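These are the residues of each chain, in order.
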Amino acid sequence: MENFHQWSRLALGPRVGAVFVALIAPLLYKFNPQKRLFSVEELALHNGTDDSIPILLGILGSVFDVTKGKSHYGKGGGYNHFAGRDASRAFVSGNFTGDGLTDSLRGLSSSNVKSVVEWRDFYFRSYKFVGKLVGRYYDSQGNPTKYLKGAEAKAARGAQLMEKQKTEEAKQPSCNSKWSQEEGGEVWCDDGCPRLVQRPQEIALTGKMSKRCACFKEDELNRPGLEVYEGCDYLAKTCRV
Ligand code: HEM
Ligand SMILES: *[C@@H]1O[C@H](CO)[C@@H](O)[C@H](O)[C@H]1NC(C)=O
Ligand SMILES: *[C@@H]1O[C@H](CO)[C@@H](O)[C@H](O)[C@H]1NC(C)=O
């Protein structure tokens, strides 16, 4: 019996090792958030000009291999400017030129910062995470900086604000709307009158998103901040836009 145990231990030893290497080690590697650290200069080499090396993209200091999206990120691709750098800000500004290609989020609204975090989520879902960029978002040890924690906290506030705004807007019915080539745009209310209302600054993503059309009953029309559509009667139920 004692003999058998010695045998089984001898037999299991190498097998446990093989199982570790084959199954567990790749998992540890996959979930090990350290991976490798990149410098700005090193990342810049992965800008899609050299077909023989992977195309890499940084966002909030996380680095992803986007080679499989070569048509977007490679030479001549519409999003080639994202390759070989961290241009976090451009994911919400849409400014892919000059100083627009920066990782600084200074002055962006909390909902904008949330959008950048959502882009990072997109890359985690769609591409392979390969490491971290040492700089604004990760220090030379690969630890998150104050700046990254600040951005993530701001994004969380943005999410909260947008949630609150959604429940707020649900209380005030939105206008119906339609658009056709012949007749152009039209907004109308089944109950009440269409008015343009300004969204809070922190929610407004772009100029376009900063206002919405909502329906107000006659006795609500004296509320502050309600804008009558240009060329539309004060009590009209339908307005051209
Ligand atoms: C702030 C502005 C914008 C940013 C930051 C942005 C960013 C991106 C990125 C990063 C991708 C690639 C996603 C991937 O890896 O699969 C993408 C794809 C795409 N974008 Fe944009 N985009 C912007 C504006 C626009 C606009 C205005 C349009 C259309 C008028 C547009 C149309 C598309 C289309 C059609 C694709 C998919 C292309 C394909 O799958 O072949 N984007 N965008
Ligand atoms: C782009 O990458 C190539 C090599 O992969 C490098 O020679 C070139 O300097 C890079 N461009 C920039 C602007 O860093
Ligand atoms: C892009 O950003 C740069 C630097 O901030 C600025 O000079 C330029 O006017 C911007 N371009 C657009 C189209 O907004």
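Residues numbered from 1 in each chain as written. Chains lettered and ligands numbered in written order. Predicted model: local features only at pLDDT ≥ 70, side-chain atom pairs only at ≥ 80, totals over all residues. Heavy atoms only, no water.

Rules: UniProt positions are given in the numbering used here, feature names are shortened, and annotations may be inferred rather than shown by experiment.
Per an unreviewed UniProt entry, the protein is named Cytochrome b5 heme-binding domain-containing protein, and its organism is Acer yangbiense. Entered under Sequence similarities (unreviewed entry) in the UniProt record, the comment concerning the protein runs "Belongs to the cytochrome b5 family. MAPR subfamily."

1. Notes on the pattern of salt bridges
The test is simple: Whenever a carboxyl oxygen of Asp or Glu lies within 4 Å of a side-chain nitrogen of Lys or Arg, that contact is scored as a salt bridge. Relative accessibility decides the category of a residue: with a 1.4 Å probe and only protein chains considered, values under 20% of the type maximum give buried, values over 50% give exposed, and everything between is partly exposed.
Per the counting criterion, the structure on display carries 12 salt bridges. Between Arg-36 and Glu-42 there is a salt bridge, and its shortest N-O distance comes to 2.3 Å. Here Arg-36 falls in the partly exposed class, since its relative accessible area comes to 40%.

2. Considering the site of ligand 1
Note the cut-off: Near, as used in this document, describes a residue that has one of its heavy atoms within 4 Å of the molecule or strand being considered. In the analysis that follows, any N or O atom pair within 3.5 Å is treated as a polar contact, provided that within protein one partner can donate a hydrogen and the other can accept it, and provided that, for residues neighboring in sequence, both atoms belong to side chains. By the criteria applied, helices consist of DSSP H or I runs no shorter than four residues and strands consist of E runs no shorter than two, each listed in order from the N terminus. Gly is placed with the polar residues, together with every amino acid not listed as nonpolar (Ala, Val, Leu, Ile, Met, Phe, Trp, Tyr, Cys and Pro) or charged (Asp, Glu, Lys and Arg).
Taken together, His-72, Tyr-73, Tyr-79, Ala-90, Phe-91, Gly-94, Phe-96, Trp-119, Phe-122, Tyr-123 and Tyr-127 are the residues near ligand 1. In this structure, Tyr-73 approaches ligand 1 through a side-chain N or O atom, which is 2.5 Å from an oxygen atom. Only α3 (70–73), α4 (90–93) and α5 (110–126) provide two or more residues apiece to the shell around ligand 1. Considering each element in turn, the shell around ligand 1 owes the most residues, three residues, to α5. Its residues assigned to classes, the shell around ligand 1 comprises nine nonpolar, two polar and no charged.

3. Some details on the site of ligand 2
Neighbouring ligand 2 are the residues Ala-44, Leu-45, Asn-47, Thr-49, Asp-50 and Ile-53. Residue Leu-45 places a main-chain N or O atom 2.6 Å away from an oxygen atom belonging to ligand 2. Here an oxygen atom of ligand 2 and a side-chain polar atom of Asn-47 are 2.6 Å apart. Within the shell around ligand 2, the residues separate by chemical class into three nonpolar, two polar and one charged.

4. Section: the confidence of the model for the protein
Here is the rule: For every residue, the predictor reports its confidence as pLDDT, a number between 0 and 100. By definition in these notes, contact holds between two residues if any of their heavy atoms fall within 4.5 Å.
Averaged over every residue, the pLDDT of the protein is 88; the share at 70 or more is 83%. Counting contacts from residues 1–10, a segment whose pLDDT is below 50, to residues more than four positions away or on other chains yields zero contacts.

5. So, the nonpolar core
For clarity, the cut-off: Only buried residues count toward a nonpolar core, which is a set of Ala, Val, Leu, Ile, Met, Phe, Trp, Tyr and Cys residues joined through side-chain atoms within 4.5 Å.
One finds Leu-57, Ile-59, Leu-60, Val-66, Tyr-73, Leu-105 and Tyr-123 to be the most contacted residues of the largest nonpolar core, which totals 26 residues. Elements with a contribution of two residues or more to this core: β2 (56–59), α4, α5 and α6 (146–171). Per element, the largest residue contribution to this core is four residues, and it comes from α5. Each residue touching Tyr-123, except ones within four places of it in the same chain, is listed here: Leu-57, Ile-59, Phe-64, Val-66, Tyr-73 and Phe-91. In this structure, Val-187, Cys-189, Cys-232 and Ala-236 belong to the second largest nonpolar core, which totals 10 residues.

6. Section: the packing of aromatic side chains
Operational definition: Between rings of Phe, Tyr and Trp, where Trp is taken as its six-membered ring, a pair exists when centres lie within 6.5 Å; planes separated by under 30 degrees are stacked, by over 60 edge-to-face, and by other angles tilted.
A complete count under the given rule lists 18 aromatic pairs for this structure. With 5.7 Å between their ring centres and 65 degrees between their planes, Phe-64 and Phe-129 make a pair best called edge-to-face. Here Phe-129 lies in strand β4 (residues 128–133) and Phe-64 lies in strand β3 (residues 62–65), a separation of 65 residues in the sequence. For Phe-64, a relative accessible area of 0% puts it in the buried group. On the basis of an interplanar angle of 85 degrees and a centroid distance of 5.6 Å, the ring pair of Trp-119 and Phe-122 is categorised as edge-to-face. Placement of both Trp-119 and Phe-122 in helix α5 is noted, with a separation of three residues, approximately one turn of the helix. According to the relative accessible area criterion, Trp-119 is partly exposed, its value standing at 34%. Accessibility expressed as a relative area gives 27% for Phe-122, which makes it partly exposed.

7. Some details on the sheet that holds β2
Quick reminder of the rule: We call two strands paired when DSSP finds no fewer than two bridges between them. For helices, the fitted axis covers only the stretch in contact; all axes are lines through C-alpha atoms, and the angles between them, taken along N-to-C directions, range from 0 to 180 degrees.
Taking strand neighbours across the sheet as the criterion, the four strands line up as β1-β4-β3-β2 in an open arrangement whose pairing is mixed. Strand pairing shows two members of the sheet lacking a second neighbour, β1 (36–38) and β2, which therefore form its edges. Each strand of the sheet is rotated relative to its neighbour by a mean of 40 degrees, with strand direction disregarded. Bridge count for β2 against β3 is four bridges, and the pairing is antiparallel. Counterpart to Gly-58 in the pairing with β3 is Val-63.

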